[in-house]
Amino acid sequence: MTTQLLFREDAYLERTTAQVLAVHERGIELDRTLFYPLGGGQPGDTGVLIRASGERIAVADTRKGATPDEVMHVPAAGAARPEPGESVTLELDWARRYALMRLHTALHLLSCVVPAPVSGGNIAPEKARLDFDIDMSALDAARIERETNALIAAGARTETLWITDAQLDAQPELVKTMSVQPPRGVGRVRLLKIPGIDLQPCGGTHVRDIAEIGAIRVLRIRSEGKRNKRVEIALAS
Ligand SMILES: [Zn+2]
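Now for a look at the structure at hand.

What counts, and at which threshold
- Residues numbered from 1 in each chain as written.
- Predicted model: local features only at pLDDT ≥ 70, side-chain atom pairs only at ≥ 80, totals over all residues.
- Heavy atoms only, no water.
- Pairing = 2+ DSSP bridges.
- Helix = DSSP H or I, 4+ residues; strand = E, 2+ residues; numbered from the N terminus.
- Axes fitted to C-alpha atoms, helices over the stretch in contact; angles between N-to-C directions.
- Contact = heavy atoms within 4.5 Å.
- Salt bridge = Lys/Arg side-chain N within 4 Å of Asp/Glu carboxyl O.
- Core = buried A, V, L, I, M, F, W, Y, C linked by side-chain atoms within 4.5 Å.
- Buried < 20%, exposed > 50% of the residue type's maximum accessible area, 1.4 Å probe, protein only.
- Donors = N, O, S within 2.8 Å, 3.2 Å for Na, K, Ca; no water.
- Tetrahedral: all angles 85-135°; square planar, octahedral: opposite > 155°, others 65-115°.
- Phe/Tyr/Trp six-rings, centres within 6.5 Å; stacked < 30°, edge-to-face > 60°.
- Lys NZ or Arg CZ within 6 Å of the ring centre and 35° of its normal.
- Expected span 1.5 Å × (residues − 1).
- Arc of directions from axis to C-beta.
- Polar contact = N/O pair within 3.5 Å; in protein donor to acceptor, adjacent residues only side chain to side chain.

**A few points about the sheet that holds strand β13 (residues 198-201)**
Phase 1: Strand order in this open sheet of three strands is β11-β12-β13, and the pairing throughout is antiparallel. Edge strands, defined here as strands with exactly one partner in the open sheet, are β11 (159-164) and β13. Neighbour-to-neighbour, the strand axes of this sheet turn through a mean angle of 25 degrees, independent of strand direction.
Phase 2: By the bridge criterion, four bridges tie strand β12 (residues 188-194) to β13 in an arrangement that is antiparallel. The residue bridging Ile-194 from the neighbouring strand is Asp-198, located in β13.
Phase 3: The strands touched by helix α1 (residues 94-113) within the sheet are β12 and β13, with β13 carrying the most contacts at an inclination of about 115 degrees.

Now the structure itself:
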């Protein structure tokens with residue numbers, strides 16, 4: 001079944017209602033959701049589903065189902081399961097998601113400040129990282145922090161664009177990540193554009209304006225292998 005992915009058009013939705021489509025062993029399927037499922041280095045959202053009775057079902061994780069538009073809301077251990085057809089209110093753990101959005105958007109900037117192919121990446125609420133295929137001597141923590149924070153301070157509205165698979169195939173330079181190719185086969189690919197700074201395929205959630213990131217700190221830079229020089233960042237506040 002298909003879940004309408006509300007976070008794709010509006011990443012700032014914190015609360016909505018939805019209907020339960022099915023309850024599986026691995027999760028609860030809804031007709032629409034604001035919970036982002038694990039993917040592209042961004043973790044699955046957490047939060048709560050509230051039943052008409054007021055009973056709260058904690059969502060411990062969110063994962064993709066068998067198809068890209070299928071989302072499994074994974075209930076916490078011991079949580080009640082709703083019935084198919086039931087209406088529930090969805091509430092996101094917004095503080096956690098907003099931290100993820102700020103860090104995720106910061107990684108887009110980092111990928112521009114460090115001019116090298118990206119060989120890996122991950123985002124957590126308290127820190128995020130990108131791995132680069134680059135020589136260690138080219139990575140200077142102070143410079144990376146200064147240049148990233150200068151971009152953030154200047155601010156820029158982020159935009160979401162959609163292009164066809166064929167258009168993406170004609171512009172392979174858009175794909176910076178060596179390890180993760182954007183999903184093909186659904187006919188179109190979502191791009192995140194930060195005007196004048198970055199344009200690349202990304203299905204994650206981002207802040208509206210990069211100024212919202214505030215500022216970042218480079219936590220550390222270390223080698224994780226020949227093609228993986230890891231730059232780890234955190235929000236400064
Ligand atoms: Zn992104």
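**Some words on the pattern of salt bridges**
Phase 1: Considering all chains together, one arrives at 15 salt bridges under this definition.
Phase 2: We note a salt bridge from Arg-63 to Asp-61, for which the minimum N-O separation is 2.8 Å.
Phase 3: Here the residues in one salt-bridge network are Lys-127, Arg-129, Asp-131, Arg-220, Arg-222, Glu-224, Arg-230 and Glu-232, joined through shared partners.

**So, the nonpolar core**
Phase 1: Counting residues in hydrophobic clusters, the biggest one holds 48 residues, and the most contacted among them are Leu-49, Leu-110, Phe-132, Ile-144, Ile-213, Val-231 and Ile-233.
Phase 2: Tallying contributions element by element places α1 first for this core, with 10 residues.
Phase 3: Not counting residues up to four positions away in its chain, the partners in contact with Phe-132 are Leu-110, Ser-111, Val-114, Ala-116, Pro-117, Val-118, Ser-119, Arg-227, Asn-228, Lys-229 and Val-231.
Phase 4: One finds Ile-163, Leu-168, Leu-174 and Leu-191 within the second-largest nonpolar core, a separate group that totals six residues.

**A word on the coordination of the zinc ion**
Phase 1: For the zinc ion, the full set of protein donor atoms is His-104 (NE2), His-108 (NE2), Cys-202 (SG) and His-206 (NE2), and the range of their distances to it is 2.0 to 2.1 Å.
Phase 2: The site at the zinc ion holds four donor atoms, and with the angles between them running 100 to 123 degrees, its shape is tetrahedral.
Phase 3: Here the donor residues of the zinc ion are spaced in sequence according to H-x3-H-x93-C-x3-H. Highlighted residues: His-104 in helix α1 and Cys-202 in the loop between β13 and β14 (216-223), separated in sequence by 98 residues.
Phase 4: Residue classification places Cys-202 among the buried positions, given a relative accessible area of 15%.

**Describing the packing of aromatic side chains**
Phase 1: Inspection of every chain in the model, using the stated rule, returns four aromatic pairs.
Phase 2: Between the aromatic rings of Phe-7 and Tyr-36, the centroid separation amounts to 5.4 Å while the plane-to-plane angle is 75 degrees, which identifies the pairing as edge-to-face. With Phe-7 in the loop between β1 (4-5) and β2 (15-23) and Tyr-36 in the loop between β4 (32-33) and β5 (47-51), the pair connects residues that are 29 residues apart, well separated along the chain.
Phase 3: The structure contains a cluster of three or more aromatic residues connected by ring pairs, namely Tyr-12, Trp-94 and Tyr-98.
Phase 4: Residue placement shows Arg-188 over the ring face of Trp-162; its charged tip is 3.6 Å from the ring centre.

**What to know about helix α2 (residues 141-154)**
Phase 1: The terminal C-alpha atoms of α2, which comprises 14 residues, lie 20 Å apart, in line with the 20 Å expected from a rise of 1.5 Å per residue.
Phase 2: Residues Ile-144, Thr-148, Asn-149 and Ile-152 constitute the buried set of α2. Down the axis of α2, the buried set is contained in an arc of 115 degrees. They therefore lie on one face. Seen from the open side of α2, the exposed residues pointing more than 90 degrees away from its buried face are Arg-146, Ala-153 and Ala-154.
Phase 3: Turning to α2, the residues buried within the fold contact α1, β14 and β15 (229-235).
Phase 4: The N-capping residue of α2, defined by a side-chain oxygen 3.1 Å from the backbone nitrogen of Ala-142, is Asp-140.
Phase 5: Looking one or two residues beyond α2, the residue adopting positive phi is Gly-155, at roughly 75 degrees.

**Observations concerning the side chain of Thr-16**
Phase 1: Its location among the elements puts Thr-16 in strand β2.
Phase 2: Judged by its relative accessible area of 12%, Thr-16 falls in the buried class.
Phase 3: Excluding residues within four positions of it along the chain, Thr-16 makes contact with Leu-6, Arg-32, Leu-34, Val-88, Thr-89 and Leu-90.

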